[in-house]
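# Structural characterization, general
Below, each chain spelled out in residue letters.
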Amino acid sequence: MQLIHIAAFTTAALLARLAGGGRWRNPIILIGSLIALFWLQPATPIRNLDFWFPLATFGLTALVWTVTRPAGTRPARADWIVLAGGLALILAVSLSRYAGPLCCLTASRPPQPWLVAPALLVVGLLGFAIVRFVSGRKPAALIAVLLLIGLLIVLKLDPLTRAASALLRGLMEQSVEQASALDIRWLGISYVAFRLIHVLRDYQGDRLPDLRLSEFVSYVLFFPALTAGPIDRADRFVAEYRQPLPLTWDTVYQAGSRIVIGLFKKYALADTLALIALDDMRAAQTHSTLWLWVMLYGFTFRIYLDFAGYSDIAIGLGRLLGITLPENFDRPYGKPNLTEFWNSWHMSLATWFRAYYFHPLSRALIRRFKRLPTPAIIAFCQMTTMMLVGLWHGITWNFLIWGAWQGIGLFAHNRWAARQRARATAPVGASSSGRLRRVVNVLLTFHFFLLSAVWFALSSPAASWDVYLRLFGVK
Amino acid sequence: MASDSQPIRRGSVLRVIAKAVVLFVVVNLAFALADPLPLIGRVSVYNWLVPGRERLPFGENPASYNLSLFQLEAMFASHEIARPKAPDEYRVLVLGDSAVWGILLQPPETLAGQMDAAGYVAADERVVRVYNLGHPTSSLTKDLLILSDALRYDPDLIVWLVTLESLPPEKQLASPILQHNPEAVRDLIAAHALDLDPADPAFVNPTFWEQTLVGQRRALADVIRLNVYGVMWAGTGVDQFYPESYDRPANDLEADVDFYGLPDPLTAGSLAFDVLAAGIELAGDVPVVLVNEPIFIGDGQNSDLRYNFYFPRWAYDDYRQIMADLAAERGWRYLDVWDAIPPSEFTNSAIHLTPEGTNQLMREIADWLGWAESK
C-alpha cells in the first residue's frame, strides 16, 4: 500500500461517515473494498493476472458466502443487487481499457470485456449451483476449507507455484520457460483465505450469524485490512458494520493519531531499516561479525515496524469507518517471556490459529489419547501450531525450522512456568532485583526471537547456518 | 491521547491541527531562509562510526549500497579524506572522471587504491596516502568544483587525470553535480574568469518554495540514506554494482570524424583549457600533476579515422599537441600516457581499465613522480 492509497482511503473513510449523515457508509465500504481489490493488486509478469486475481478473490468470497447460506434460505433481493453490482463493477474495470487517459484502475490494461463476461458467467453459475444443490450442507463447508488450504499450499510451495505460473503462461501464450514462483503475486489472498476459513469453520460449528452478501463481502475484503490484516472475526465485524461506532472528535483524534504513527513506523523507520536489513545477498557480502549483528538487528526491528506500522494504519482507517479492528501488536519486544511475546505479536493470526487449530487439536488429543501425558500433548500442539505459522509465510525448510524454534521455546517456557507455579514461586515484583530480572528476561526473550529471525531473513538452511557460525565467530 | 474518561473534543482536535499547520509552515520557512542542508551534510557517521568511503558516492543501483547526490558537504564527509591528516602523511588527491573513480573496479583496484596500497614514500620520507576524488562524469569544471572543496583537506600533491572528453565546452556544465551547485560554480566562474555562462539554463536554481523542507526533502533523504548505507559500506565494502558481463570497447568504428561540432583544427580556445589553468591556479602552492590518461586505441574498421568510440584522430592529436605546448609554455607538470596501456586492458569503454591495466598506469605515474616503495 502506498501513500496515495492511504490518502485516498482516509478521504473515502471521512466521506463515508460525513456524506449524507453517514448513510452512504456501508455502500462506500463495499464499493471501496471492491475498488481497492483491483487498485492495490500489483502488476505481474503474466498478462492480465492483475485483473484475474481480484476477480478470483471476489468470486471466491461470493461463492463461500453461498456455501454458508443456512439451509432452505434463498438470497434476498438485496443480495442479488450486491452481486449484480459487483459483477457490473468488474465489467466496468474491464471496460476502462477503452477509457483512454482515464484507464486503468489495474496496474496494466485489463482484458477485453468479451473475455471477462464468460468468467463472470461461470462465477454466477457456480454460485447458483451451490445455492441450489449445496447450501446448508455442512460437508460442503469442509470441502471449501480443504480447497482453500489447497490453494494456499499451491501459492506457498515454490514447485507448485512455478507449475501454476507455467500453466497460466501457457494460457496467456507467454513463454513457459520463464515461469517463476514470483509471477504469482496475489494480493492479500492469505488473509482473505483465513477469513473465509474462519467463516466456514464457524458455519460448521453453528456459530456464524446470518450475513447478507454485502456484509460478507465487506468483512472479507474490508479495504483497510485487505493486504495484511488484522484478521477480524465476522460476527464482531458485522456488529459494528450494522451499528457503527459514532464518529466523534475523540474517534477522529484516536484514528488520526494511529494513522500518523503507523505512517512514521512504516515509511520513515521501517523503510530506512530496509536499507540495511539482513538478507541472502547482504549475508554473503558481509565480512564482519559486528556488522552482521547490526544487519540482523536491522531486520528484526524492520519486520516489527513495517508490520506494526501497517496495522496501525489499518486500525486507524477502520476506526474512522466505525469499525474497531483487533489489535495486532502489543509491544512484543518488551515482553519477558515467549508466551507473552506470542500473545502480543500478530495477535489476530495467533488468535486464529488458537481458535481453529491449537484448541481443537489439543481437546481432540486429550479426549482421544487419555493416557498421553499432558505435557506431551502441549508440546505436540505448540510445535505443530508454530510450524504451521511458519509455513503460512512460505512452505520452505527455513520457515519450518523457524516455527519449530518458536515451538520449542514456547514449550520450554510452558514447562518452566508450570514448575514455577508448582513451587509457588512469587511473581517477579517491583523490587529492584525484580526489575533487573525483568530486564534480563526481556533481553533474553528478544534475543531468542532475534536469533530465530535468521531463518526468516535467509532463504536456505545452509545460508542460515553459515550466518550463525559467523555471528558467533566460529567462521 | 485522551483517556477513556475524558474524550477529546472538537476544540482540542482543531487546536492540534492548527498548531501542526503553523509548526509545519514555520519549519518550512525557517528551512528555506537558513538553508541548513550544508550543515546537515557535515553530520556524518563516516570516519568515526563506520570507515570513510574510498571514493565519492555515486550510483543508484540499490545493490551497490550507493547513491548519487549533489550535496558536496555530505559527499566529502562520507569520504575517508575527511579524517584527520596524520603527521607523517604525504596526502595525494587523485582527480578525474569515471576511469579514476573506477567503473568496474573494486575500491582497492582503482588507481588511487593501488597507489595507496603500494606503500610509496615521498622524497621527504613521509608516507604517501592517496585519495580517490574521481567522479564519473567527464567535465573539467566538475573536477575544478571538487578540487575547490578538497583543498581544505591539506593535500600535498594533486594528480589530475584528464582526457579530451572532459574538455569540450558543452561538457563543462553537463554534469548534474555542477548543475545542482550553481552558486559554487558561479563563484569559480567569477574568480577565474572562466569562459562559462553563469546564467546557463542548465543550472538548477531552486525557487523559494523548493528551498523549504518539503522542497528539499529529496536532498535531505539522500543525506540520510548515504549515512544509513554506511552500515553496508562498513560491513561489505561494496559501493558499486558489478554486472556479470559487459561489452568491450568497440574496435570497429564509425566513419564519422565530427567532435562536438568543433572546428578542425582545434585551438586552445575551442576547449576548456582555461578551466585546467584555473585548477592549477586554485591549488596555489600545492603541486599539480596533469596526466593525459590512457585511451583504447582501436585497430578495426575506420581506425585510420578514429582512435576509438570517443575520439576522431584529428581532434585527439590536436588536443595532445595543445596540451603539450601549454604545459611547456606555462611550466605545468605534465605526463602523457595516452598509449601506455594495451587495448586488452580496457573494460567497458575506451577509458576504463582493468585492475592490471590500472596497475600499469600506477607504475608509470609513480616512476615519473620518483616515488620509492617503502622498505
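Our structure's up above, just so we're on the same page.
Residues numbered from 1 in each chain as written. Chains lettered and ligands numbered in written order. Predicted model: local features only at pLDDT ≥ 70, side-chain atom pairs only at ≥ 80, totals over all residues. Heavy atoms only, no water.

## Concerning the overall build of chain B
For chain B, the helix and strand inventory stands at 13 helices and seven strands. Expressed along its principal axes, the backbone C-alpha trace of chain B runs to roughly 90 × 50 × 45 Å. Relative to its full complement of 375 residues, chain B shows a buried share of 53%. Surface accessibility of chain B: about 16600 Å² in total, with carbon and sulfur atoms responsible for 56%. The distance from the centre of the 27 positive side-chain charges to the centre of the 51 negative ones in chain B is 12 Å. (Helix = DSSP H or I, 4+ residues; strand = E, 2+ residues; numbered from the N terminus. Buried < 20%, exposed > 50% of the residue type's maximum accessible area, 1.4 Å probe, protein only. Areas by Shrake-Rupley, 256 points an atom, 1.4 Å probe, with all protein chains shown as cover. Lys, Arg positive; Asp, Glu negative; His and termini not counted. Charge placed at Lys NZ, Arg CZ, Asp CG, Glu CD.)

## Considering the environment of Pro42 of chain A
Residue and element names in this part refer to chain A. The residue Pro42 is located in the loop between α2 (25-40) and α3 (49-67) in this model. Residue class for Pro42 comes out partly exposed when judged on its relative accessible area of 25%. Separated by 116 residues in sequence, Pro42 and Asp158 have C-alpha atoms that sit 19 Å apart. Apart from residues no more than four positions distant in its own chain, Pro42 is found in contact with Asp50, Ala107, Arg185 and Leu187. (Contact = heavy atoms within 4.5 Å.)

## Some details on the layout of surface pockets
Residues and elements named next belong to chain B. The calculated volume of the second largest pocket comes to roughly 940 Å³. Residue lining of the second largest pocket: 31 residues in total, with Phe70, His180, Asn181, Pro182 and Gln216 positioned closest to the centre. Within the residue set of the lining of the second largest pocket, elements represented by two or more residues are α2 (37-42), α3 (72-77), α6 (140-150), α9 (182-192) and α10 (217-236). Along the lines of polarity and charge, the residues of the lining of the second largest pocket split into twelve nonpolar, nine polar and ten charged. (1 Å grid on protein atoms, 1.4 Å probe; cavity = no way out; pocket = protein on both sides within 12 Å on 5 of 7 lines; lining within 4 Å. Points joined across faces, edges and corners; volume = space filled by probe spheres on them. Nonpolar A, V, L, I, M, F, W, Y, C, P; charged D, E, K, R; others polar.)

## Focus on the interface of chain B and chain A
Tallying the contact residues gives 23 residues for chain B and 18 residues for chain A. Across the interface of chain B and chain A, roughly 1800 Å² is buried in total on both sides, 75% from carbon and sulfur atoms. Counting across the chain B and chain A interface gives zero salt bridges. At the junction of chain B and chain A, the tally comes to three residue pairs in polar contact (both at pLDDT 80 or more). Among the secondary structure elements, those contributing two or more residues to the side of chain B that touches chain A are α1 (10-34) and α10 of chain B. No other element matches the eight residues that α10 of chain B contributes to the side of chain B that touches chain A. Of the residues in the side of chain B that touches chain A, the class split is 17 nonpolar, three polar and three charged. (Buried area = accessible area lost by both parts, 1.4 Å probe. Salt bridge = Lys/Arg side-chain N within 4 Å of Asp/Glu carboxyl O. Polar contact = N/O pair within 3.5 Å; in protein donor to acceptor, adjacent residues only side chain to side chain.)

## Considering the state of the cysteines
Residues and elements named next belong to chain A. Across all of its chains, the model carries one disulfide over all chains by this definition. Here Cys103 pairs with Cys104 through a disulfide, and the sulfurs are 1.3 Å apart. Taking the torsion about the sulfur-sulfur bond, which here is approximately 60°, the covalent link between Cys103 and Cys104 counts as right-handed. Its relative accessible area of 21% is what places Cys103 among the partly exposed residues. Of the residues examined, Cys104 reaches a relative accessible area of 27% and is grouped as partly exposed. (Disulfide = S-S within 2.5 Å.)

## What about helix α8 (residues 189-204) of chain A?
Because each turn of an α-helix spans 3.6 residues, side chains separated by three or four positions in sequence point in the same direction. Helix length check: α8 of chain A, at 16 residues, gives a terminal C-alpha distance of 22 Å against a target of 22 Å (1.5 Å per residue), a fit within 8%. Count one or two residues on from α8 of chain A and you reach Asp206 of chain A, which has phi positive near 55°. (Expected span 1.5 Å × (residues − 1).)

## Some thoughts on empty space enclosed by the protein
Counted according to the given criterion, the structure contains two cavities of 30 Å³ or more. If you add up the space inside the largest cavity, you get close to 140 Å³. Lining the largest cavity are 14 residues, with Trp65, Thr66, Trp80, Leu83 and Gly127 of chain A sitting closest to its centre. Those elements that provide at least two residues to the lining of the largest cavity are α3, α4 (77-95) and α5 (113-133) of chain A. Per element, the largest residue contribution to the lining of the largest cavity is five residues, and it comes from α5 of chain A. Among the residues making up the lining of the largest cavity, the classes are represented as ten nonpolar, three polar and one charged. Roughly 70 Å³ of volume is contained in the second largest cavity. In terms of lining, the second largest cavity is formed by Ala99, Val100, Leu111, Leu161, Glu293, Pro294, Ile351, Leu353, Thr358 and Leu361 of chain B. Counting residues per element, the ones that place at least two in the lining of the second largest cavity are α4 (98-101) and α13 (355-369) of chain B. Classifying every residue of the lining of the second largest cavity by side-chain character gives eight nonpolar, one polar and one charged.

## Focus on helix α9 (residues 213-221) of chain A
Residue and element names in this part refer to chain A. Most of α9 sits inside the fold, with nine of its nine residues counted as buried. Regarding α9, the residues found buried are Leu213, Ser214, Glu215, Phe216, Val217, Ser218, Tyr219, Val220 and Leu221. The inward-facing, buried residues of α9 abut α2, α3, α4, α8 and α10 (234-242).

## With respect to unusual backbone geometry
For residues other than glycine, phi is negative in most cases, and the peptide bonds are mostly trans. In this structure, the amide linkage connecting Gly229 of chain A to the following residue, Pro230 of chain A, adopts the cis form with an omega of 5°. With respect to the helices, strands and loops of the structure, Pro230 of chain A is situated in the loop between α9 and α10. Of note, the amide linkage connecting Asp264 of chain B to Pro265 of chain B takes the cis form, showing an omega dihedral of 5°. Residue position: Pro265 of chain B is located in the loop between α10 and α11 (273-283).

## Digging into the packing of aromatic side chains
Under the criterion given, the structure shown has 55 aromatic pairs over all chains. On the numbers, 5.4 Å between centres and 55° between planes, the contact of Tyr316 of chain B with Tyr319 of chain B is tilted. One end of the pair is Tyr316 of chain B and the other is Tyr319 of chain B, both in helix α12 (residues 313-330) and three residues apart, which spans about a single turn. The ring of Trp392 of chain A carries Lys156 of chain A above its face, with NZ or CZ at 5.3 Å from the centroid. (Phe/Tyr/Trp six-rings, centres within 6.5 Å; stacked < 30°, edge-to-face > 60°. Lys NZ or Arg CZ within 6 Å of the ring centre and 35° of its normal.)

## Points about a nonpolar patch on the surface
Taken together, the side chains of Trp249 of chain A together with Leu14, Ile17, Val21, Phe24, Val25, Leu29, Leu33, Phe208, Trp209 and Val214 of chain B make up a nonpolar region of the molecular surface, amounting to roughly 1100 Å² of accessible area. In terms of residues, the nonpolar patch owes the most to one element, α1 of chain B, which gives seven residues. Residue placement: Trp209 of chain B occurs in the loop between α9 and α10. Its relative accessible area of 63% is what places Trp209 of chain B among the exposed residues. (Patch = residues over 30% accessible without salt bridge, like charges linked within 9 Å, V, L, I, M, F, W, Y side chains within 5 Å.)

## Structural notes on the pattern of salt bridges
A complete count under the given rule lists 34 salt bridges over all chains for this structure. Salt-bridge contacts for Arg69 of chain A lead to Asp210 of chain A; the nearest nitrogen and oxygen are separated by 3.0 Å. With a gap of 141 residues between them, Arg69 of chain A in the loop between α3 and α4 and Asp210 of chain A in the loop between α8 and α9 connect regions that are remote in the sequence. Through salt bridges with shared partners, a single ionic network connects Lys85, Asp124, Arg126, Asp154 and Asp156 of chain B.

## Thoughts on the side chain of Asp183 of chain A
Tracing the sequence through the fold places Asp183 of chain A in the loop between α7 (158-171) and α8. Contact partners of Asp183 of chain A, with chain neighbours within four places excluded, come to Thr44, Pro45, Ile46, Leu49, Ser165, Arg169 and Gln178 of chain A.

## Focus on the packing of α3 of chain A against α4 of chain A
Pairs of packed helices are described in terms of their axes, by the angle between the two and the distance that separates them. Residue and element names in this part refer to chain A. Orientation of α3 relative to α4, taken along the N-to-C sense of each, is 170°, at an axis distance of 11 Å. Taken together, the axes of α3 and α4 are roughly antiparallel relative to one another. Taking contact as the criterion, the partners of Phe51, Leu55, Phe58, Ala62 and Trp65 in α3 are, on α4, Asp79, Leu83, Gly86, Leu87, Ile90, Val93 and Ser94. Classifying every residue of the contact of α3 with α4 by side-chain character gives nine nonpolar, two polar and one charged. (Axes fitted to C-alpha atoms, helices over the stretch in contact; angles between N-to-C directions. Parallel < 35°, antiparallel > 145°, perpendicular 65-115°, else oblique.)

## Regarding the pairing of strand β6 (residues 333-336) of chain B
Of the pairings in the sheet, the one linking strand β5 (residues 288-292) of chain B to β6 of chain B comprises four bridges and is parallel in character. Opposite Val291 of chain B, over in β6 of chain B, you have Leu335 of chain B as the bridge partner. (Pairing = 2+ DSSP bridges.)

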